[in-house]
Amino acid sequence: GGWRCGRGADGAALRWCITGVLCASFLGLGMSIAVLGPTFPNLAANVRKNVSDIYYIFVGRSLGYLGGSVLGGVLFDCMNASLLLALSMFATTAGLYGIPWCKESLLLTVLMSVIGGSMGILDTGGNVLALNTWGSEAGPHLQALHFSFAAGAFAAPILAKMALGGSESEELPGAEKTNQSVLKSVPTASAASTTPALKGHDDEEFLWSYIIIGTYILFISIFFFVLYSKCSSARDKSKASAQKGVRAKYHWPLAGLLFVFFLFYVGAEVTYGSYVFTYAIVFAEMKENEAAALNSVFWGAFAICRGVAIFGAAFLYPGTMILMSLLSSAASSLALAFFAHYRASLWVGTAVYGASMATVFPSGISWIEQYTVVEGKSASLFVVGAALGEMCIPATVGYLQGRFHHIPVVMYAAFVTSAMTVLLFPIMYKLANAPQDNDLKGVSDSETQAALLSNSRLSEDEEDEEDEEDVREWNDADFEVIEMNDKLKNSLMDTSHKIPEDSPAEASLQRHLDDVLNDSPVVAGGSPGRQNGNVDWEKSE
């Protein structure tokens, strides 16, 4: 359900501003998560510990992240989104500035978990804010958010290498580029074993990568404060009324299944990204630089596909995109699990697997938004699922790989997880499309149709006109809502006499309208609810 703060052209510009600032903040999120990889040895040297001894800072960050996602989900339903995001970005800046001066491993862990917490808040909140701002049009905007994340994760190691003067930073060839918004709880085995503790002479250089990223994030938090001052009070009222949108009959079971779905999917993606380097060296007997190239192929395909998906989401339904992703990940993981001894199969499989992983998270969120209201608590459930997958599955695979040296556990894990996601999606689809209780059935059906229609309508070139028209209609709607209700009631009475009995579409639309009109808070709130029947009716007349 979208609140739109501001009126007319201002409102449209403001919504684009929100998307822009969110993308910038996700870029920062990606950078601050991925910069840990290349600078890990320096941090270890800084607190006078061995690299293998401070793996627990990852655990600290993961726990902070989980806490932040849960806290964010609760806070988002009761305070202003832009303000909360501004504060959490500010906390990230403080943490990033503190890390280079930190000489105690305990303090380092605390700072990491603070950063993790504010990241969790941003990750939950960014998705909710995008959904609230764009409603059923959120698809491309969600893809853009997660593309920015991948771009940040890709840029950070390069930035850190530049800051380090490129000399000492060859140990971790891309092994740490984590993905979608979460943390690696366990640094990869190869990283821990091959990295010597560095001497203190490049501490000064490595400080800079943290300072640069911290300053960038500080600027974004200022932008969020500006957004907050721009539209504060008008928005909260309409937001509250939008929350009363239609919930699916099985809202929480659906959210629970999506939680498990994301757990497997994100876990699989991070596991593969983390261990493919080790796999290439141990099982495929590649040279280090070849293995690093294979690793980069995975994350490169991942990032490129996220970029393409921004445009794809404008004219493909989220469900279609998920289906394409699931089928290609099933096919590629099958090839990787059973035919990886062919070089071609390994390279192509890795690229396709990376690409098929890219769109699932943002598509999943815009998919469920078509059927039910996604508020803070549901969104935090999805993010927590992703975070848990990212903590548990790589750790489990690492443990099993240690037990069974001669079996390529990574590839089998990829196959099993993609099989799980393929099984889960049809079940979620059935639940989402379950008919509502009788009185709501008409509403849910035509809601869904309206959602699909408005999506496809947007793909045409009339996007801008559409926006202005919407805003104009909503301006009128605000002032003439009472009149319109009466007028519509009357026109409905007339049409219901004229309509022959055998036109079910009209009948269900009428039932939908009656429901919408009785449920007057949604209309009177002046919030352009998710797909409010009144507007559709006006357009069709």
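Residues numbered from 1 in each chain as written. Predicted model: local features only at pLDDT ≥ 70, side-chain atom pairs only at ≥ 80, totals over all residues. Heavy atoms only, no water.

Identification of the chain as MFS4B protein from Mystacornis crossleyi is taken from an unreviewed UniProt entry. Taken directly from UniProt, the Subcellular location (unreviewed entry) text for the chain runs: "Membrane". (UniProt positions renumbered as here; feature names shortened; annotations may be inferred.)

Chemist: Would you mind showing me how to read unusual backbone geometry here?
Modeler: For residues other than glycine, phi is negative in most cases, and the peptide bonds are mostly trans. Despite not being glycine, R48 has its phi angle at roughly 55°, a positive value. Relative to the helices and strands, R48 is located in the loop between α2 (36–46) and α3 (56–76). Look at R48 and you get exposed, because its relative accessible area is 60%. Residue E285 is not a glycine yet carries a positive backbone phi of 50°. Here E285 is to be found in the loop between α10 (251–282) and α11 (288–315). The class of E285 is exposed, set by a relative accessible area of 67%. (Helix = DSSP H or I, 4+ residues; strand = E, 2+ residues; numbered from the N terminus. Buried < 20%, exposed > 50% of the residue type's maximum accessible area, 1.4 Å probe, protein only.)

Chemist: When you look at the packing of α10 against α11 in this model, what are you seeing that I'm missing?
Modeler: Helices that pack against each other are described as a pair by the angle of their axes relative to one another and the distance between those axes. Their axes nearest at 6 Å, the elements α10 and α11 cross at an angle of 155°. Here α11 runs roughly antiparallel to α10, going by the angle between their axes. In contact with Y265, E269, Y272, G273, V276, F277, A280 and I281 of α10, α11 contributes E288, A291, A292, L294, N295, F298, W299, F302 and R306. Residues belonging to the contact of α10 with α11 are distributed by class as follows: twelve nonpolar, two polar and three charged. (Axes fitted to C-alpha atoms, helices over the stretch in contact; angles between N-to-C directions. Parallel < 35°, antiparallel > 145°, perpendicular 65-115°, else oblique. Contact = heavy atoms within 4.5 Å. Nonpolar A, V, L, I, M, F, W, Y, C, P; charged D, E, K, R; others polar.)

Chemist: Help me understand the packing of α10 against helix α13 (residues 343–358) in this model?
Modeler: It is the contact of α10 with α13, at a shortest axis distance of 10 Å, that shows an interaxial angle of 150°. The angle between α10 and α13 falls in the class roughly antiparallel. For the element pair α10 and α13, the recorded crossing hand is left-handed. Listed contacts from α13 to Y265, A268, E269, Y272 and Y279 of α10 are L346, T350, Y353, M357 and A358. (Left-handed = near helix turned anticlockwise from the far one by under 90°.)

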